[in-house]
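Secondary and tertiary structure notes
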Amino acid sequence: MVQYWLFKSEPTTFSIDDLVHSPRKTTCWEGVRNYQARNFLKSMNVGDLGFFYHSNTDPPAIVGIVKVVKAAYPDSFAFDSRSRYFDPRSAPDSPRWFLVDVQFVEKFPQALHLDQLRAVKGLEKMELLRKGSRLSIQPVRPDEWQRVLDFAQHNTKHSSVPK
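Rules used in this analysis
- Residues numbered from 1 in each chain as written.
- Predicted model: local features only at pLDDT ≥ 70, side-chain atom pairs only at ≥ 80, totals over all residues.
- Heavy atoms only, no water.
- Salt bridge = Lys/Arg side-chain N within 4 Å of Asp/Glu carboxyl O.
- pLDDT = per-residue confidence, 0-100.
- Contact = heavy atoms within 4.5 Å.
- Buried < 20%, exposed > 50% of the residue type's maximum accessible area, 1.4 Å probe, protein only.
- Helix = DSSP H or I, 4+ residues; strand = E, 2+ residues; numbered from the N terminus.
- Arc of directions from axis to C-beta.
- Polar contact = N/O pair within 3.5 Å; in protein donor to acceptor, adjacent residues only side chain to side chain.
- Phe/Tyr/Trp six-rings, centres within 6.5 Å; stacked < 30°, edge-to-face > 60°.
- Lys NZ or Arg CZ within 6 Å of the ring centre and 35° of its normal.
- 1 Å grid on protein atoms, 1.4 Å probe; cavity = no way out; pocket = protein on both sides within 12 Å on 5 of 7 lines; lining within 4 Å.
- Points joined across faces, edges and corners; volume = space filled by probe spheres on them.
- Nonpolar A, V, L, I, M, F, W, Y, C, P; charged D, E, K, R; others polar.
- Pairing = 2+ DSSP bridges.
- Axes fitted to C-alpha atoms, helices over the stretch in contact; angles between N-to-C directions.

Attention now moves to the pattern of salt bridges. Overall, the coordinates contain 6 salt bridges when judged by the stated rule. The salt bridge involving Asp87 is made with Arg89; its shortest N-O contact spans 3.6 Å. A salt bridge links Arg130 to Glu127; its shortest N-O distance comes to 2.9 Å.

Let us now look at the confidence of the model for the protein. Where the model shows low pLDDT, its predicted coordinates should not be examined in detail. The predicted model of the protein has a mean per-residue pLDDT of 94, with 95% of residues at 70 or higher. Taken together, the stretch residues 158-163 has pLDDT below 50 and engages in 21 contacts with residues farther than four places along the chain or on a different chain.

A few words on helix α2 (residues 35-42). Regarding α2, the residues found buried are Ala37, Arg38, Phe40 and Leu41. Along the long axis of α2, the arc covered by the buried residues comes to 155°, so they all point the same way. Among the structural elements, β1 (4-9), β4 (61-74), β5 (98-113) and β6 (137-140) are those in contact with the buried residues of α2. Where α2 begins, the side chain of Asn34 points an oxygen toward the backbone nitrogen of Gln36, at a separation of 2.9 Å.

Moving on, we come to the packing of aromatic side chains. One pass over the full model with this rule turns up 7 aromatic pairs. Consider the rings of Phe77 and Tyr85, whose centres lie 6.5 Å apart with planes at 85°: the pair is edge-to-face. Residue classification places Tyr85 among the buried residues on the basis of a relative accessible area of 18%. What links up through ring pairs into an aromatic cluster is the set Tyr4, Phe51 and Trp145. One residue, Lys70, lies across the ring of Tyr73, its end atom 4.1 Å from the ring centre.

Once that is clear, we can look at the layout of surface pockets. Within this model, the largest pocket holds a volume of roughly 850 Å³. Every residue lining the largest pocket is counted, 29 residues in all, and those nearest its centre are Lys8, Ser9, Glu10, Ser55 and Ser136. For the lining of the largest pocket, the secondary-structure elements that each account for two or more residues are β1, β2 (26-28) and α3 (114-118). Of the residues contributing to the lining of the largest pocket, the split by class is 10 nonpolar, 10 polar and 9 charged.

This part covers the sheet that holds β2. As summarised here, the arrangement of the 6 strands in space is β2-β5-β4-β3-β1-β6, forming an open sheet in which the pairing is mixed. The strands lining the two open edges of the sheet, one partner per strand, are β2 and β6. This sheet shows a mean twist of 35° between the axes of neighbouring strands, independent of strand direction. Summarising the sheet, β1 and strand β3 (residues 49-54) pair through 6 bridges and their orientation is parallel. Pairing of Tyr4 across the sheet is with Leu49, part of β3.

In structure tokens:
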């Protein structure tokens, strides 16, 4: 069964357009340094779908959809002392951090702004909309996934969004 997720990225660091221009429109989702978010990465399966969310921008918004194309594997950036994601407590034989590979599926013609999402009935308990929620990787319940897709279709008159 497909699981649904939300992947946050600051567009000045890595945007959905950067993903579109990546080889095979695919990238590893590196740099997660929160244990709960890491555990979410480890529970992902190939074929899971996620919303791509631009955070720390004005306005923050869901901008598209990605698909998990490689399940969790050790984050080698944690072993590289030159990387900004280096963690001296992580080692290849005992990795602390993991990543997945995601592939571009679709960019929404119009971004779904956070304030707009707050007004969508049925999303009141969505992790993204919970006060103080800061996780960079979040689960999305199937009914929330569908409500966001329905809102995206209504908002943009776009009908090719995968379900």
